[in-house]
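What the coordinates show
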Amino acid sequence: MLTLTFHGAAGCVTGFCALLQTDHGRFLVDCGMFQGPKTLRALNHEPFPFNPAAIDGVFLTHAHIDHSGLLPKLVKAGFKGSIISTRATRDLCEVMLADSADIQQGDVDHLNRRNQRRGIAPVEPIYGPEHVAPTLALFETVKFGEWLDPAPGLRVRYWPAGHLLGAASIEIEIENAGEIVHMLFSGDLGSGEQPYLVRPDGPAGVDHLVLESTYGDRVREDMDLAHRRALLAKEVRAAQAAGGPLLMPTFAIGRAQELILDLLAIMEAEPDLATDIFLDSPLAIEATEVFLRRGWNADASVNPYLPLRNAPRLHTLLRPQDSDGLERLRDWHIILAGSGMCDAGRIRRHLKRLLWRKETTVLITGFQAAGSLGRILLETPPLVRIQGDDVRVNARIRSLDVYSGHADAASLIDWLTAREPVRGQVFLAHGEPEALEGLRDRITAAGRSGDQVTIPRLDQTFSLTPTQVEALDGPAARLAPGAEARPDWHNARAGLLETLNEALQALPTDAERDALLARLTAAVATGAGQGRP
């Protein structure tokens, strides 16, 4: 029997991991890390819902951490099969997974110091630097358009996805009970209009399709390079006028390189905006070398990333002490730092020291998952909590949604239409509920029957034949339905503390503050005594 199980990015945007169980072996498509609310991220620390040692291979769509980030954990847990990817994806994973391991080790060291003071037992990172090299040793690279036979009765072919350097959609043919089941996993798709990336492609006429849905509920304005740079220049001009730094939380692979290219072009066209650009992300710095080496765009017959080499205004900060030196700067300058959702990396330190300053501008240019610090900032709260500290938000919080590497709803429909006929099921993954439902509505409005579009739940399993799909009973999902894509109790607690602090500061006397705290303490004690949260 052939089965497909969605162990990640089901009902949410991160952690994509699909398990194919065939008569010829067990294979994963991606093995990504969850991002967003702490309840969702906690799954990264739990055992896999399958036996890693029994997995025969991984087909990797691209290098982004929400698709590749748990590969070292897989190897740590006993996986010894092949990881198949494009060469550019392999090279990007070399720097990305090493950076991920370093960040985890640093975060765990910081947490354990806090836990030690609280009398809490220490925790371990998901994986360490020592697990990265054995993971990279398992990579096998494939060229776009070439069939590969990783096991008897199974063939795979990689197609350009246009989302990121080396990103692929993966076509899979599986022999099952004397029939061939023809599948396609979209991976993350680009719109085809990004100036530095190739157009997404794929085969027509498959049995079943797994389609990403990140922006399935929205259509973005058509955007050429000149218009995009004009919008960025407007934000840069306003940040300069505010009198302080422009801080840009940045996805290190792809987004950082595009933003710097556009910033350099803007400064060349408008010298009055010229200033120092600090790339404070070791991962982005190392990834840039991969883009310089592997960034040839066959559609444009050029490597568009070459201007990043020896750009006088670009300063790369590899060492922590170089990053610390930015604290001495007070006037107009630009900092790009990861992570893009503000939940890890050096960006948190910059936010802690700059958010309270009204002359600071924070410009967010990418998708922010529910519960992430980036999403919370977009809601302009008066206070946020960063690494255990409350930080007042006085900075200008701005958003520019023209840099996404994801196709919007219209582009997704266009790509799906080009893959027709899809004879069986279209599975919608890698989206929050509103995006999933919005894309499903668009697909059915375009003529596909509603019973041929499925939104799988986390850990849900389906049996597949060339034309039929059946949902199977299985173990309970690791999270309650809907919990993957909404703020959790950690977010609610942080919000409550912010509200309490504001209320206490608003009261005129200490006696009134004491009375409020006494009432709150009594209410909590009463609720706990009755067994209610």
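Model, not experiment: these values are computed from the prediction.

Right, let's get into empty space enclosed by the protein. Tallying each qualifying case throughout the model produces three cavities of 30 Å³ or more. Counted as a void, the largest cavity has a volume near 90 Å³. If you trace the largest cavity, you find 14 residues lining it, with H7, F34, F48, L70 and R478 closest to the centre. Taken together, the residues that form the lining of the largest cavity break down as eight nonpolar, three polar and three charged. The computed volume of the second largest cavity comes to approximately 70 Å³. What lines the second largest cavity is a set of 14 residues, among which F16, S186, G187, V210 and E212 lie closest to the centre. If one sorts the elements of the lining of the second largest cavity by residue count, strand β11 (residues 208–212) sits on top with three residues.

What follows deals with the nonpolar core. Counting 92 residues, the largest nonpolar core has L211 and L232 as the members making the most contacts within it. Beyond its immediate chain neighbours, meaning those up to four positions away, L232 contacts M248, L259, D262, L263, I266, L363, L400 and Y403. Judged by nonpolar contacts, the second largest core, of 36 residues, contains L20, F59, F427 and L479.

Take the side chain of Q368 next. When you line up the elements, Q368 lands in the loop between β16 (361–364) and α11 (373–378). Reaching out from Q368, the side chain makes a polar contact with the backbone oxygen of G366 at a distance of 3.0 Å. With residues near it in sequence (within four places) discarded, Q368 still touches F251, G340, M341, G374, R375 and L378.

Our focus in this paragraph is the sheet that holds strand β12 (residues 246–249). With parallel pairing, the six strands of this open sheet are ordered in space as β14-β13-β15-β12-β16-β19. Here the strands that pair on one side only, and so sit at the sheet edges, are β14 (314–316) and β19 (396–399). The average undirected angle you get between the axes of adjacent strands in this sheet is 20°.

The subject of this paragraph is the packing of helix α12 (residues 409–419) against helix α13 (residues 433–445). Interhelical geometry of α12 versus α13 gives an angle of 45° and a closest axis separation of 11 Å. The pairing of α12 with α13 is recorded here as oblique in orientation. For the pair α12 and α13, the crossing hand works out as right-handed. Across from A409, L412, I413 and L416 in α12, the residues of α13 making contact are L439, R442 and I443.

This brings us to the pattern of salt bridges. One pass over the structure, following the stated rule, counts 26 salt bridges. A salt bridge links D280 to R346; the nearest nitrogen and oxygen atoms lie 2.5 Å apart. With D280 in the loop between β13 (277–279) and α8 (282–294) and R346 in the loop between β15 (334–337) and α10 (347–354), this pair connects stretches of sequence that are 66 residues apart. When its relative accessible area of 1% is taken as the criterion, D280 is described as buried. On the basis of relative accessible area, R346 is assigned to the buried category, the value being 13%. Salt bridges linked by common partners bring R90, D91, E94, R293 and R294 together as one network.

So, on to the state of the cysteines. Scanning the entire structure with this criterion turns up zero disulfides. In this structure C31 is not part of a disulfide, and its nearest cysteine sulfur, from C17, lies 4.6 Å away.

Cut-off values and rules
- Residues numbered from 1 in each chain as written.
- Predicted model: local features only at pLDDT ≥ 70, side-chain atom pairs only at ≥ 80, totals over all residues.
- Heavy atoms only, no water.
- 1 Å grid on protein atoms, 1.4 Å probe; cavity = no way out; pocket = protein on both sides within 12 Å on 5 of 7 lines; lining within 4 Å.
- Points joined across faces, edges and corners; volume = space filled by probe spheres on them.
- Nonpolar A, V, L, I, M, F, W, Y, C, P; charged D, E, K, R; others polar.
- Helix = DSSP H or I, 4+ residues; strand = E, 2+ residues; numbered from the N terminus.
- Core = buried A, V, L, I, M, F, W, Y, C linked by side-chain atoms within 4.5 Å.
- Buried < 20%, exposed > 50% of the residue type's maximum accessible area, 1.4 Å probe, protein only.
- Contact = heavy atoms within 4.5 Å.
- Polar contact = N/O pair within 3.5 Å; in protein donor to acceptor, adjacent residues only side chain to side chain.
- Pairing = 2+ DSSP bridges.
- Axes fitted to C-alpha atoms, helices over the stretch in contact; angles between N-to-C directions.
- Parallel < 35°, antiparallel > 145°, perpendicular 65-115°, else oblique.
- Left-handed = near helix turned anticlockwise from the far one by under 90°.
- Salt bridge = Lys/Arg side-chain N within 4 Å of Asp/Glu carboxyl O.
- Disulfide = S-S within 2.5 Å.

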